[in-house]
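Descriptive structure summary
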Amino acid sequence: MGNWIINHGLSAFILVVWMGINIFLFVYYYLFYDQGPQFEYTRELLGSALPWARAPAAVLNFNCMLILLPVCRNLLSLLRGSFICCGRTMRKQLDKNLTFHKLVAYMIALMTAVHTVAHLLNAEWYTNSFQGQYGPLAGNLSMLDDSSELKTTYLNPVRSNSTTPTLLVFTTIAGLTGVVITLALILMITSSMEVIRRSYYEVFWYTHHLFIIFFAGLVFHGAGRIVRSQQVTDPPHNTSFCEDQPENWGKNPECPIPQFAGGFPQTWMWVIGPMIIYLCERLLRFIRYMQPVSYRKIVIRPSKVLELQLVKPGFKMAVGQYVFLNCPAISQLEWHPFTMTSAPEEDFFSVHIRSVGDWTEDLIKMVENLPEGGQGPKMAVDGPFGTASEDVFDYEVSMLVGAGIGVTPFASILKSIWYKFKDSDPKLRTKRIYFYWLCRETYAFEWFADLLQVLEKEMEERGMRDFLTYKLYLTGWDQSHVNHAMVHFDKDTDIITGLKQKTSYGRPNWDKEFEQVRQENPSSVVGTFLCGPQALAKDLEKKCVKYSEVDPRKTKFYFNKENF
């Protein structure tokens, strides 16, 4: 339990607070509409569907206020910089922004389903009440008209026997906007599934921009004021006394004709702040879009990996950060995230782009067809933005785990380390780094092996061979690979990478690796950083909990994962 609290305590606390606010809002507004005297006549028409419609609406307001904030990248970068004094635990929460965004989206989907079903029942019961199917009181309430000067007498929005529930839904502001909001939400959620996002990113990108329609519909959704409550009159209408004698309403001084009005729309007050923040976010992105970007170098690496070295005036980065790239020649609207592989000490920034999906394939084909010495297509850059890897130098010991192209943030880190050693940087806190790279193909190692060779040589010359421990794992191979490795086993360098550290076949034994790190660093705080698949993340997260010591004087592992 102590280990779990170290790694997940604050995240769990934030989740509990969020869930607690949701539960409080639901229960409070359910009781408000279920027991409030001003809704007694409204409940006569709608029954329990009234609180079941209004309670989810309150929860929806709260979560629609939150949903945009985790995707305001510049806001998160600002907060990350502000939390430097608050410690790594607080900053780690910002790296879970997309997880929180998804949780909020799931809550919105659930509450929308409950809200929609309840209001469909309300439409049916409004119609039935007007037709007199629910007794004389419901019938009399439905027949109240707009005879008063303020036009607020009526309770039932159904004003004709020809009005059906379907007609009510598609001819009222609440109904029409509700249909539009629900359809937009369904499209956004279904296109966000992992299989679609990975294979058809453009579908995900374009449908997710239906959030503009979603929020526009949300702001106007309550303008129809379809759910109405009883107003205070002079003399007051005594509900408990008058409900049994509707025929005397307006005749008996104690029973004036009841007055009703719709509630003031509140949703816009919940969402206007986040909408303004997000609008500023998009404005800043547009300004960055207009800033010029030039090419320093373009390299086609093995395994269809494209390296772009770019230069942008005033651009400053930190290790492990990422940028969003836009190529107008492919699409003026699509922005894709890529971790930078360059070091802050260099006078350019670079990204390595693997061919995955239509956008990256089109970009690589475009570059391959460039004439000799030709400039690449126009590129717009938004960023840089912070990630978990920024904190790598805050730890005494770091474990870096990259899978495939997921090695990119660690390329930046290892390059920066080389520069820091070269310049004898006294601010370098890190005492030891363990680097693990898992790849399926042998040629995927090629573009990164040069950097490792330079670091290997640098560490040897400085007598710091133990500072960097790296292990490379080939996870996909056939028998010919194994036979070739066995024949050349006695060579001083690896047959795949040319490094002194030999490549291992298969996957790491993480229990063995964590135990080794713990034994070699008995009183250190170890930061474990991953850029790779979710399955590996879950495994490493469990190992961090398992091998962390509760004793503050002993080894602790903190898990960090890259998220885009």
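Refer to the structure above for everything that follows.
The present account deals with the structure reproduced in this document. (Residues numbered from 1 in each chain as written. Predicted model: local features only at pLDDT ≥ 70, side-chain atom pairs only at ≥ 80, totals over all residues. Heavy atoms only, no water.)

1. Remarks on helix 12 (residues 211-221)
- Among all positions in helix 12, only F211, F214, F215, G217 and L218 are buried. Relative to the axis of helix 12, the buried residues are bounded by an arc of 160° and lie together on one face. Opposite its buried face, helix 12 presents the exposed residues I212 and F220, each directed more than 90 degrees away.
- Against the buried residues of helix 12 lie helix 3 (49-66), helix 6 (97-130), helix 9 (173-190), helix 11 (201-208) and helix 14 (267-290). (Buried < 20%, exposed > 50% of the residue type's maximum accessible area, 1.4 Å probe, protein only. Helix = DSSP H or I, 4+ residues; strand = E, 2+ residues; numbered from the N terminus. Arc of directions from axis to C-beta. Contact = heavy atoms within 4.5 Å.)

2. Quick notes on unusual backbone geometry
- For the bond from D234 to P235, the omega torsion is 5°, close enough to zero to count as cis.
- Structurally, P235 can be placed in the loop between strand 1 (228-230) and helix 13 (239-242).
- Here the bond from G383 into P384 is cis, since omega is 10°, no more than 30 degrees from zero.
- Locating P384 in the fold gives a position in strand 8 (residues 380-385).

3. A closer look at the state of the cysteines
- This model, assessed by the stated rule, comprises one disulfide.
- Here C242 engages in a disulfide with C255; their sulfurs sit 2.0 Å apart. Disulfide C242-C255: the torsion about the S-S bond is -95°, which places it as left-handed. Highlighted residues: C242 in helix 13 and C255 in the loop between helix 13 and strand 2 (260-262), separated in sequence by 13 residues. Judged on exposure class, the residue C242 and its partner C255 are both buried.
- Cysteine C280 remains unbridged, with the sulfur of C72 as its closest cysteine sulfur at 9.3 Å.
- C280 sits in the partly exposed class, given a relative accessible area of 47%. (Disulfide = S-S within 2.5 Å.)

4. Some points on the sheet that holds strand 4 (residues 305-311)
- Across the sheet, three strands lie side by side as 3-4-7; this open sheet has antiparallel pairing. Only two strands of the sheet have a single partner each, and these edge strands are strand 3 (294-301) and strand 7 (349-354). When strand polarity is set aside, the average angle formed by the axes of neighbouring strands in this sheet is 20°.
- With six bridges connecting them, strand 4 and strand 7 associate as antiparallel partners. (Pairing = 2+ DSSP bridges. Axes fitted to C-alpha atoms, helices over the stretch in contact; angles between N-to-C directions.)

5. Remarks on the nonpolar core
- Ranked by internal contacts, the top residues of the largest apolar core, which has 28 residues, are L400, I413, L414, I417, F435, F448 and L468.
- Listing elements by their share of this core, those giving two or more residues are helix 16 (408-422), strand 10 (432-439), helix 17 (446-461), strand 11 (468-474) and strand 13 (525-531).
- Leave out the neighbours within four places in its chain, and L400 touches V392, F410, I413, L414, I433, Y434, F435, Y436 and F529.
- Ranked by size, the runner-up nonpolar core spans 27 residues in total, among them L25, Y30, I181 and V271. (Core = buried A, V, L, I, M, F, W, Y, C linked by side-chain atoms within 4.5 Å.)

6. Section: the packing of aromatic side chains
- Counting across every chain of the model gives 29 aromatic pairs.
- Aromatic side chains F324 and F385 sit 6.1 Å apart centroid to centroid with 75° between the ring planes, which places their arrangement in the edge-to-face category. A residue pair is termed long-range when its members are at least 10 positions apart, and F324 in strand 5 (residues 322-326) and F385 in strand 8 qualify at 61 residues. The same class applies to F324 and to F385, which are both buried.
- Both rings, one in Y436 and one in W510, keep their centres 5.3 Å apart while their planes meet at 70°; by these two values the pair is edge-to-face. With Y436 in strand 10 and W510 in helix 19 (residues 510-520), this pair connects stretches of sequence that are 74 residues apart. No difference in accessibility class separates Y436 from W510, as the two residues are buried.
- Here the aromatic cluster, defined as three or more aromatic residues joined through ring pairs, consists of F24, Y28, Y29, F32, Y33 and F39.
- Stacked on the ring of F324, the Lys or Arg R73 has its end atom at 3.5 Å from the ring centre.
- It is R228 that lies over the ring of Y154; its NZ or CZ is 4.0 Å from the centre. (Phe/Tyr/Trp six-rings, centres within 6.5 Å; stacked < 30°, edge-to-face > 60°. Lys NZ or Arg CZ within 6 Å of the ring centre and 35° of its normal.)

7. Looking at the pattern of salt bridges
- Counting across every chain of the model gives 11 salt bridges.
- Here K543 ties to D511 by a salt bridge, and the two come within 3.1 Å at their closest N and O atoms. Highlighted residues: K543 in helix 20 (residues 534-547) and D511 in helix 19, separated in sequence by 32 residues.
- Residue D511 is classed as partly exposed on the basis of its relative accessible area of 26%.
- Within this structure, R73, E281, R285, R288 and D382 form a network of salt bridges that share partners. (Salt bridge = Lys/Arg side-chain N within 4 Å of Asp/Glu carboxyl O.)

8. So, the pairing of strand 11
- Burial analysis of strand 11 places seven of its seven residues in the buried class, the great majority of the element.
- What you see with strand 11 is no split at all: L468, Y470, L472 and L474 on one side and T469, K471 and Y473 on the other are buried throughout.
- Bridge count between strand 11 and strand 12 (residues 504-505): two bridges; the pairing is parallel. Across the sheet, residue Y473 finds its bridge partner in strand 12, namely S504.

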